[in-house]
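Read off the chains here:
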Amino acid sequence: MPISRINPEAAAGPLRSRRKMLRDAVGVAGALVIGSRTEAADYRAVRCSARAPYSGAPLHPPVDAVELAEIPDRPLPAATMALLDAAFARLKDYTSAPALSAAVACPGVGLWHRQSTQPERPILWWASVGKAFTATVVLQLVQEAKLSLDAPVSRWIEGVPNGNVVTLRDLLAHTSGLFSANEDMVVRAHPGYRDPATMLAIAGRHGAMFCPGERWRYSNTGYDVLGMIVERVEGRPIDAAITARIIAPLGLRSMRALSPGRQAGDVSPPSSTQGQTMDPGWAGAAGPVVSDARDMALAWAALLDGRFLRKSLRQEMTATLYPMFDPGTYYGLGMMVFEVPDGQRTLRWIGHAGGAPGASAIAIYSPDDGAIVTVALTGDGSATACANLLLKALRP
């Protein structure tokens, strides 16, 4: 079932069926995770002396950078607030999430935010949504002429398979061919924090899966390498760079970038009935941000509206869009585009989704609705489906 076909009136059904409805409603993008959805198949590592032409499924046409009005520090109209409050109550019931935070921000109008968390753990982890923050820092360094999107990564970091032809653009877009070390069988069997150099060494032992540019395949290790490059150029780790360049200028109270490998006592931990979870501090540059949904909405507006990047670089983020795991999802440079079925039409979202066992998150802008929606939760529910229900509450 496409995510746009959630029926809020089905809340009268049994709790089990309601939970199943929300899971089934995920459709596009619902299974995006901090690691790849699929197991790494056996492959013969390749050595490449040059880039390869793209041979994957058809690309999505470029999507223009958006222009947003400021989000006023005031609530949305009372009738809209009531509709969103009712939707949030249904989401709590549907997901049974131990922790849930959601926000809807309408540029030029106002903002709604609600959450249900333990008082001592009011912050949630946004998993791969944090890749957009890492990407923004990298693009800021490009803007400052300290990095080049099309320079080989071997200029800064040694040990990357085919690093003499893999570019920063490839790492940002997941077209590097770099094995994602979280898929290594030993890593899976013995989960825990491993520093970026260790993850790169694991990926190096596997070798490249394909020549850069040839295909698209999600690689968290690619973002580990980006974090290493930022630290080499900036002289500070990726969490400090995100804090100084994005969080502090916006004055956000709940948001912060986790220091890799360190636990955070005030963050709601992932919780799943379906397997072992991971600590948010393990993610590093591939998913470093924790926040409530209000601050994420304000930050997402800033990432999109030009406060950090000039328009040409924001355009680069959605200029080349590769098909992802599911129909209707596409990846650019640390930014995703979703094509969401909605009856006789298709809606477009611009943002990023993320998750891991026991955690799910999404931050998107819907031009059709004129709204930014951000949702993070723990448990086995889908933040994507929750975001879609909240958007539906905005429509007559």
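One structure accompanies this document, and this report is about it. Owing to the predicted nature of the structure, the values given are computational and were not obtained by experimental measurement. (Residues numbered from 1 in each chain as written. Predicted model: local features only at pLDDT ≥ 70, side-chain atom pairs only at ≥ 80, totals over all residues. Heavy atoms only, no water.)

1. What about the sheet that holds strand β1 (residues 100-106)?
The strands making up a sheet associate through hydrogen bonds between their backbones, and the pairing can be parallel or antiparallel.
Consideration 1: The sheet built from eight strands is open, its strands ordered β2-β1-β11-β10-β9-β8-β7-β6 with antiparallel pairing. Only two strands of the sheet have a single partner each, and these edge strands are β2 (110-116) and β6 (322-323).
Consideration 2: For strand β7 (residues 329-331) and strand β8 (residues 336-342), the ladder comprises three bridges, and the chain directions are antiparallel. Looking at β8, one finds that Thr329 is bridged to Phe338.
Consideration 3: Against the sheet, helix α11 (residues 383-394) contacts β1, β2, β8, β9 (345-356), β10 (359-366) and β11 (371-378), and its axis sits at roughly 140° relative to β11. (Pairing = 2+ DSSP bridges. Helix = DSSP H or I, 4+ residues; strand = E, 2+ residues; numbered from the N terminus. Contact = heavy atoms within 4.5 Å. Axes fitted to C-alpha atoms, helices over the stretch in contact; angles between N-to-C directions.)

2. Topic: the state of the cysteines
Consideration 1: Overall, the coordinates contain one disulfide when judged by the stated rule.
Consideration 2: What pairs with Cys48 in a disulfide is Cys211, and their sulfur atoms sit 1.9 Å apart. Here Cys48 and Cys211 share a disulfide; its torsion about the S-S bond, -90°, makes the bridge left-handed. Here Cys48 is found in the loop between α1 (15-24) and α2 (78-95), whereas its partner Cys211 is found in the loop between α6 (196-206) and α7 (220-234), with 163 residues between them in sequence. In terms of burial, Cys48 and Cys211 fall into one category: buried. (Disulfide = S-S within 2.5 Å. Buried < 20%, exposed > 50% of the residue type's maximum accessible area, 1.4 Å probe, protein only.)

3. Concerning the packing of aromatic side chains
Consideration 1: Taken as a whole and judged by the stated rule, the model has nine aromatic pairs.
Consideration 2: Centre to centre, the rings of Phe338 and Trp349 are 5.8 Å apart; their planes meet at 55°, and the pair counts as tilted. Within this pair, whereas Phe338 is found in strand β8, its partner Trp349 is found in strand β9, the two being separated by 11 residues in sequence.
Consideration 3: Classification of Phe338 by relative accessible area gives buried; the value is 0%.
Consideration 4: Three or more aromatic residues joined by ring pairs form one cluster here, namely Trp216, Tyr218, Phe325 and Tyr331.
Consideration 5: Across from the ring centre of Tyr223, 5.6 Å away, lies the NZ or CZ of Lys131, which sits over that ring. (Phe/Tyr/Trp six-rings, centres within 6.5 Å; stacked < 30°, edge-to-face > 60°. Lys NZ or Arg CZ within 6 Å of the ring centre and 35° of its normal.)

Just distances and angles here, no functional claims.
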